[in-house]
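Secondary and tertiary structure notes
Residue-level listing of the chains:
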Amino acid sequence: GFNPENATLLRLSLPQKKYALPEQQNAFADALLERVKVLPGVQAAGVTHSMPLVSDYVLGFNIEGRPAIAPSDLPSTNYYAVTPDYFKAMGIRLIRGRVFTPQDDARAPRVAIVNETMARQHFANEDPIGKRINITNGPDTWREIIGIVGDIKQYGVDKATSAQAYEPFAQVPFSSVNLIVRTNGSPAALLGALRPTVYAIDKDQPIGIIRPLEEIMADSIARQRFAMTLLSVFS
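The structure contained in this document is the topic of the report that follows. (Residues numbered from 1 in each chain as written. Predicted model: local features only at pLDDT ≥ 70, side-chain atom pairs only at ≥ 80, totals over all residues. Heavy atoms only, no water.)

Going through the model one piece at a time under the given rule, you end up with 9 aromatic pairs. Aromatic pair Tyr19 and Phe28: ring centres 5.5 Å apart, planes at 75°, arrangement edge-to-face. The same class applies to Tyr19 as to Phe28, namely buried. Here the aromatic rings of Phe87 and Phe100 are separated by 6.2 Å at their centres, their planes lie at 55°, and the arrangement is tilted. Of the two residues, Phe87 is situated in helix H2 (residues 86-90) and Phe100 in the loop between strand S5 (94-97) and strand S6 (111-115); the sequence distance between them amounts to 13 residues. In this structure, Phe87 and Phe100 share a single accessibility class: buried. By way of ring pairs, the aromatic residues Tyr80, Tyr86, Phe87, Phe100 and Tyr166 are connected into one cluster. (Phe/Tyr/Trp six-rings, centres within 6.5 Å; stacked < 30°, edge-to-face > 60°. Buried < 20%, exposed > 50% of the residue type's maximum accessible area, 1.4 Å probe, protein only. Helix = DSSP H or I, 4+ residues; strand = E, 2+ residues; numbered from the N terminus.)

This is the structure:
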């Protein structure tokens, strides 16, 4: 559901003492994207707080106008807080509606995007765009669905696709920052530039992994490849 070719992941965890406030977390993400987007060869860059194949974040949700459901019985969704160019950086296609823009900030009305599976499972006989959902993340707040994007494999290529919902990072910042950078060629030349870019914002910021998405994808299917190799050998 996403394109790992020529894309790189940089994982950061912002220290709570220094970045305790949502405004501080959002400011760091904005500063990081501003610097990364001008690096040579960069086509798109986006941030997500949860990364497919690497980490997950599952929340319950309800739909406006539907009968009330006990919290323990709420349907669930994989949840992602993302910046506007995240979908472009990941190569996730827009099916209908629109993706987020810089105008979807903390002062704007709350909005959300859902994947095809969520639209099919929970809005089978109606158009989800324009409907409102309440995701159990913080205070009760209704988010208007503004777009539908393609499904992605959250847990592996051999796993079932789950319902997936997205919100603007600017409206719900996190201390977990997963930066996705797409280049117009091999990401190898970019790898050495990412650390100095982070340190230019905060010289004390710890850096997690920096890896091409193709390597992460390869790791996720290594077990299946090994099993197929064994099957071929014994055949």
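Having put the structure on the table, let's press on.
Counting along an α-helix, one turn takes 3.6 residues, and residues three or four places apart therefore face a common direction. With 15 residues, helix H1 (residues 22-36) extends 21 Å between its outermost C-alpha atoms, agreeing within 8% with the 21 Å of an ideal straight helix rising 1.5 Å per residue. As for H1, its buried residues are in contact with strand S1 (7-13), strand S2 (42-48), strand S10 (176-183) and helix H4 (188-201). (Expected span 1.5 Å × (residues − 1). Contact = heavy atoms within 4.5 Å.)

Further remarks concern the pattern of salt bridges. By the definition in use, this model includes 14 salt bridges. For Arg98, the salt bridge goes to Asp104, with nearest N and O atoms at 2.9 Å. Among the residues examined, Arg98 registers a relative accessible area of 33% and is labelled partly exposed. The class of Asp104 is buried, set by a relative accessible area of 7%. The salt bridge partner of Glu167 is Arg143, with a shortest N-O separation of 2.8 Å. Separated by 24 residues along the polypeptide, Glu167 in strand S9 (residues 164-168) and Arg143 in strand S8 (residues 142-149) bring together distant segments of the chain. The class for Glu167 is buried, based on a relative accessible area of 0%. Each of Lys18, Asp202, Lys203 and Asp204 takes part in a single network of salt bridges with overlapping partners. (Salt bridge = Lys/Arg side-chain N within 4 Å of Asp/Glu carboxyl O.)

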